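The lines below spell out each chain.
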Amino acid sequence: EFDVPLGAVVKLCNSGQIHVLDDEGNEHWLSSLNATNIKPMHPTSVHGVADMICLGDLNEAGILRNLLIRYREHLIYTYTGSILVAVNPYQLLPIYTADHIRLYTRKKVGEMPPHIFAIADNCYFSMRRSAKDQCCVISGESGAGKTESTKLILQFLASISGQHSWIEKQVLEATPILEAFGNAKTIRNDNSSRFGKYIDIHFNIRGAIEGARIEQYLLEKSRVCRQTQDERNYHIFYCMLQGMSPDMKKKLYLGNAVDYDYLTMGNCVVCDGRDDLKEYSNILSAMKVLMFTDTESWEISKLLAAILHIGNLRFEARMHDNMDACMVLCSVNLTTAAALLEVDPEEVMSCLTSRTLVTRGETVSTLLNVEQGLDVRDAFIKGIYGRLFVWIVDKINAAIYKPPPSDCKYMQTSIGLLDIFGFENFVINSFEQLCINFANENLQQFFVHHVFKLEQEEYNLEGIRWQHIEFTDNQDALDMIAIKPMNIISLIDEESRFPKGTDVTMLNKLNSQHKLNPIYIPPKHSRETVFGIQHFAGTVYYETAGFLEKNRDGLHGDIIQLIYTSSNKFIKQIFQTDLAMGAETRKRSPTLSGQFKRSLDLLMKTLGACQPFFVRCIKPNEFKKPMLFERVLCIRQLCYSGMMETIRIRHTGYPIRYTFAEFVDRYRVLVPDVKPAFKQGNMKVACQCILETIVGRGEDWQMGKTKIFLKDHHDVRLEMERDTAITCKVILIQKAVRGLRDRSRFLQIRDSVILIQKIWKGHHCRKNYRTMQMGFLRLQAVYRSRKVYRSYSAARRSIMVLQAWSRGLLVRQAFRHRLRAVITVQAHARGMLTRRLCQRLKTEEKERLLLAEDVWWPREAVVVQQAWEDDEQLTGPCAMQEEEAREEACPKKGVLLQGKSVQQDPVSDSDVVDEVFGFLGSNGTFPGQEGQAPTGFEDLERDPGKAEQVEEVDMARVLPLPVAEEEDLSEYKFAKFAATYFQGSATPCHTRRPLKLPLLLHEDEGDQMAALAIWITILRFMGDLPEPKIHTVVSDGSEKIPVMTKIYETLGKRTYKHELKALQGAEEVNGHRRNTARHKLVSLTLKRKSKITVEVRANTVKHGLPTAPENSMLEERPTSNLEKLHFIIGNGILRPALRPSKDKSRPGFCFYQPLEYYDSLYSSSQ
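Residues numbered from 1 in each chain as written. Predicted model: local features only at pLDDT ≥ 70, side-chain atom pairs only at ≥ 80, totals over all residues. Heavy atoms only, no water.

Okay, the overall build of the protein chain next. Along the backbone of the protein chain there are 40 helices and 22 strands. Per-residue burial for the protein chain yields a buried fraction of 42% across its 1166 residues. Surface exposure of the protein chain reaches about 66,800 Å², of which carbon and sulfur atoms provide 56%. (Helix = DSSP H or I, 4+ residues; strand = E, 2+ residues; numbered from the N terminus. Buried < 20%, exposed > 50% of the residue type's maximum accessible area, 1.4 Å probe, protein only. Areas by Shrake-Rupley, 256 points an atom, 1.4 Å probe, with all protein chains shown as cover.)

It is worth spelling out helix α6 (residues 166-182) at this point. With 17 residues, α6 should reach 24 Å at 1.5 Å per residue; the first-to-last C-alpha distance of 24 Å fits that figure. Burial runs high along α6: 13 of the 17 residues are buried. (Expected span 1.5 Å × (residues − 1).)

Moving on, we get to the nonpolar core. With 193 residues, the main nonpolar core has Phe-181, Phe-237, Ile-300, Tyr-385, Ile-396 and Leu-607 as its most contacted residues. The element that contributes the greatest number of residues to this core is helix α15 (residues 431-462), accounting for 13 residues. Excluding anything up to four places from it in sequence, Phe-181 contacts Leu-219, Tyr-234, Ile-236, Met-287, Ile-300, Leu-304, Tyr-385, Leu-388, Phe-389 and Ile-392. Residues Phe-660, Trp-701, Met-703 and Ile-708 belong to the second largest nonpolar core, which totals 22 residues. (Core = buried A, V, L, I, M, F, W, Y, C linked by side-chain atoms within 4.5 Å. Contact = heavy atoms within 4.5 Å.)

For the rest of this paragraph, the subject is empty space enclosed by the protein. The tally for this structure, following the rule as stated, stands at six cavities of 30 Å³ or more. If you trace the largest cavity, you find 18 residues lining it, with Ser-139, Gly-140, Phe-536, Arg-616 and Ser-641 closest to the centre. Secondary-structure elements contributing two or more residues to the lining of the largest cavity are β6 (134-140), α15, β19 (611-618) and α25 (631-640). Among the residues forming the lining of the largest cavity, the class breakdown is ten nonpolar, six polar and two charged. (1 Å grid on protein atoms, 1.4 Å probe; cavity = no way out; pocket = protein on both sides within 12 Å on 5 of 7 lines; lining within 4 Å. Points joined across faces, edges and corners; volume = space filled by probe spheres on them. Nonpolar A, V, L, I, M, F, W, Y, C, P; charged D, E, K, R; others polar.)

Quick look at the pattern of salt bridges now. Counted under the stated rule, the structure contains 37 salt bridges. Residues Arg-274 and Glu-279 are paired through a salt bridge, measuring 3.9 Å at the closest nitrogen-oxygen approach. Residues joined by salt bridges that share partners form a network here, namely Glu-141, Arg-188, Lys-619, Glu-622 and Arg-636. (Salt bridge = Lys/Arg side-chain N within 4 Å of Asp/Glu carboxyl O.)

Turning our eyes to something else, we now look at the side chain of Ser-414. By secondary structure assignment, the location of Ser-414 is in strand β15 (residues 413-419). Separated by 3.3 Å, the side chains of Ser-414 and Asp-200 make a polar contact. Those residues within four positions of Ser-414 in sequence are excluded, and the remaining contacts are Met-127, Asp-133, Gln-134, Asp-200, Ile-201, His-202 and Phe-203. (Polar contact = N/O pair within 3.5 Å; in protein donor to acceptor, adjacent residues only side chain to side chain.)

On inspection of all chains with the given rule, the structure shows 23 aromatic pairs. Plain terms: the ring middles of Tyr-96 and Phe-117 are 6.1 Å apart, the flat faces sit at 80° to each other, and that makes the pair edge-to-face. Linking Tyr-96 in the loop between β5 (83-87) and α3 (98-103) with Phe-117 in helix α4 (residues 116-130), this pair joins segments that are 21 residues apart in sequence. Taking the relative accessible area as the measure of exposure, Tyr-96 reaches 21% and is therefore partly exposed. Taking the relative accessible area as the measure of exposure, Phe-117 reaches 0% and is therefore buried. Aromatic pair Phe-447 and Phe-614: ring centres 4.9 Å apart, planes at 85°, arrangement edge-to-face. Here Phe-614 lies in strand β19 and Phe-447 lies in helix α15, a separation of 167 residues in the sequence. The class of Phe-447 is buried, set by a relative accessible area of 1%. Judged by its relative accessible area of 6%, Phe-614 is buried. (Phe/Tyr/Trp six-rings, centres within 6.5 Å; stacked < 30°, edge-to-face > 60°.)

For the rest of this paragraph, the subject is the sheet that holds strand β20 (residues 656-659). Spatially, β20-β22-β21 is the arrangement adopted by the three strands of the open sheet, whose pairing is antiparallel. At either margin of the open sheet sits one strand with a lone partner, and together these are β20 and β21 (702-703). The sheet strands contacting helix α29 (residues 712-853) are β20 and β22 (707-710), and the helix crosses β20 at an angle near 60°. (Pairing = 2+ DSSP bridges. Axes fitted to C-alpha atoms, helices over the stretch in contact; angles between N-to-C directions.)

Moving on, we come to the sheet that holds strand β17 (residues 530-535). With antiparallel pairing, three strands are arranged side by side in an open sheet as β16-β17-β18. Each edge of the open sheet carries a strand with a single partner, namely β16 (520-521) and β18 (538-543). Where β17 meets β18, six bridges bridge the pair, whose relative direction is antiparallel. Directly across from Gly-532, in β18, lies its bridge partner Tyr-541. Here α15 sits on the sheet in contact with β17 and β18, set at roughly 150° to β18.

On to the packing of helix α2 (residues 60-72) against α25, then. Running from amino to carboxyl end, α2 crosses α25 at an angle of 115°, the nearest separation of the two axes being 11 Å. For α2 against α25, the interelement crossing comes out right-handed. For the pair formed by α2 and α25, the contact residues are Glu-60, Ile-63, Leu-64 and Leu-67 on the first element and Arg-631, Cys-634, Ile-635 and Leu-638 on the second. Taken together, the residues of the contact of α2 with α25 sort by class into six nonpolar, no polar and two charged. (Left-handed = near helix turned anticlockwise from the far one by under 90°.)

For Glu-220, the position within the fold is in the loop between β10 (209-217) and α7 (235-243). A distance of 2.5 Å separates polar atoms of two side chains, one belonging to Glu-220 and the other to Arg-194. Apart from the residues lying within four places of it in its own chain, the contact partners of Glu-220 are Arg-194, Tyr-234, Glu-432 and Gln-433.

Looking now at the environment of Gly-704. Structurally, Gly-704 can be placed in the loop between β21 and β22. Taking relative accessible area as the criterion, Gly-704 reaches 4% and is therefore assigned buried. With 241 residues separating them in the primary sequence, Gly-704 and Gly-463 have C-alpha atoms 6.1 Å apart. Ignoring anything within four residues of it in the chain, the contact list for Gly-704 reads Glu-462, Ile-464, Phe-660, Lys-684 and Phe-709.

Here we come to the confidence of the model for the protein chain. Taken residue by residue, the protein chain gives an average pLDDT of 79. The fraction at 70 or more is 78%. In the predicted structure, residues 936-965 sits below a pLDDT of 50 and forms twelve contacts with residues beyond four places in sequence or in another chain. (pLDDT = per-residue confidence, 0-100.)

Attention shifts here to the environment of Glu-299. Mapped onto the fold, Glu-299 is located in helix α11 (residues 294-311). Exposure remark for Glu-299: the relative accessible area of 12% places this residue in the buried category. Separated by 270 residues in the primary sequence, Glu-299 and Lys-569 place their C-alpha atoms 9.4 Å from one another. In contact with Glu-299, not counting residues within four places along its chain, are Asn-568 and Phe-570.

Right under this line is the structure:
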């Protein structure tokens, strides 16, 4: 029946033999006698074409070879006019990316290679252009790729709508949920839709998605309870068991898929190519997007788990009063299912093993056998799952559907996508297959009606030249199944309402009514329970066993009562309609076939109100393998779907048609002289003028009575020309509008500028006037003040002359009085200083002589002093008393003796310094805690609690001194000096830490080290820095030299340069000079090398004592205040760079400046 010629290439033609290579790669040698069976191939069939109406070979062989060539090149889409033929590749192809979406946006059919996106784009822009509802009918056998095509069209529409809002994401996320609960693996398809759905996507006037609505048709509920070999239950069960967490599975008492009877009937729990774990996470995320609460998701999981547990119940046959009965074996599954449904386990057992009947007001309870008990269980499970699926669809619609407003001006258009189960023909076909094939018969009739019937009727009404094309009409099959009286659906419904109706009585009625109908195939003998129907896609035989039970689709009153007693609110919600109906109402409720027939009628009315687009999906093989093309299977699908006739009618027909008014209004922009339709006298002439101008006179287009008929390529050319013309006109309008807008803006800006200039000039003139007015007022004031000032100055000069003479007289008198007092004080002070200096010089002269005689004078001096002290002890206290008496009798002599004792006793320089500066306290004292002032300086210590006594002056006798002009001392401020000359980050503020750099810049490294050493010595002297705790005892005799001698030697030293060089070159000078007093004095004044030994440094590190920064000029031992003064003064004398300079451009700072700096800060801190 489906044997068609095979394409081949002639390799050799010689000696009466023809060598050919066919499309399947087989070689053949044909004799010349069979050459009549070889027909030349049209050039268009050699490499294939994108649109099959362009084929030269309009036959089955040419069409099939065209699909085969393109399929092997991974070109799975082919046009038949505006109808798309899609061959399932059974593999992922990289042709559905975002780049492909952009490529096919706003493109006509034919501009780009065939693609599912091109049909979606044409459907969308046809809706925008005509403001009419569109629909896309996707048909084909099970496994041909209808569901994937629907998802791709949804993806494209969501991308090009331009809004990218939440509603678009919700529409896309509805697909995973519906597939999980409504799709399953079959022997022909791994993701077969076991229900039909019609997705109506709503668009606003701007073309953006604003909502959608999903209608579902005839879910195959029997799959929950039964599956054939190599098939699975619905995806949701396997995804839940694979993806649910262990804790949740423990709460639901769930295990693995192999543990449940409902999931293992087909001996297939794994589907190749599907990741159940990943799919479950996608389902949960989609539920969140579609506003499923966590409680609702958990309740859905509880019902699914209860279904699995109920499926594992075991029934045991029993005899009760000589009647067949059964009982449910007590098991964990029973208690678990009852707990999940929140009902009593005993009531579940009673519901599954008995039935309560109400007859004439009396209640009768009958027992059920094992087979009836299993049927009741399966009916209960199908009722739960079917109502759960309906509730999920309603929940999705509540999230994505937005009812249109009541405003009559509001305009809403839609695009409908029909993804319904394909034609099915299994080994055993039941009631579900009858309904599915009935739906496909309706879709085929819809296709035939639009493609063949309406088109040819319109051609005849318009009176155009046309040759009628024969096509296969399936109207007879529809009449027998559901349209004419006593049809198959009505007979099944009638028998379902009879209490005693059985499948056998139903089959008998069907045979008696339709046995003479050629489409109906009765059973061969009375024992057969099957009948056949010749559908458009082939003959299908249906097994009538279970037809009536499935058609009734009702639940017993016991099950409804069980649901009523449940405390689970969710299960009551999905059974809300059943609980609201009474027993009699449930008996009169419509059957499943009646519900499906009404839903299908509504669907066909909806499709009839839309402009349709068709996608024909072809399944290339039965094994779901890529790149495998079965010729017989494909040609059978092409024949059954009417594609052969479709190609012929599209090739010779005119798919594009417009009324004269529509054509003129749409394409009059292409011809300048054509007026609008309402102004045209003869619109047919105007249409002919446009076509002859743009398309051409000899092209294949025809004029009807009220319409014009065009080919697809004519429409594409007209649309392209129209787009070009409109673009030019739009650019012209934009130019004019932009020019008008810019001129208007310029005039507005110019008026604004003139107004601003006027206001600004007025403001400027008023401002100049006020300025001039203020200037004249100021000039008057200055003149008047100058006049008053001159008179005041003359009077002031006269008074100042008088005051000067008077003050001069008083000052001269006071000066002479003070001068006499000062001269007297100076005379006494100079005398005292001279006597002290004379006494000190005498003493130092004696010491110098002693040092010159012998270097070991300290030892002899000690012996002499010891002898003198022994002599005094021998004289006894009597001599001392006599001496004191003589001193009291002669004060002057006591003074002389005191001076003598001073000359004889060696002076302790350290004691003298400590006595003078003892008020500074120890090194650890703080300012204000120094102690008592030394003798002679008590007047410097003032009691802070007592106010100073100020000598009262007779102000009447002393006139005030003339006030001199105050001198600007800002130039001599210490802060200004510090900011100008200090190095680094040093500031004039007081600090108690050693310096890292000298305050002033010194080029000599010795001066730098000396400056840092002097600063540390000052801090130690003032008590701000502690003394070193580890010190070295140097016993070279230098510490016994009198302090006055050291100071004298330092101050009287004139050849300090020569001595400094001698000290630095100590290795080159004779060794005896190191022991001289001069060397010891210089080494004490300018310390060049630390005397701390290695052991002392080790002790310092060992005890963790702090050490000062390393400086070879510092003593690494505690020093007295005299040694500190000696060090400071000596450096000041011997280093000119450290002394203050009179030249302001070269400041000297280390000896004089730090003292002034520290004294100022120290006094401010006190």
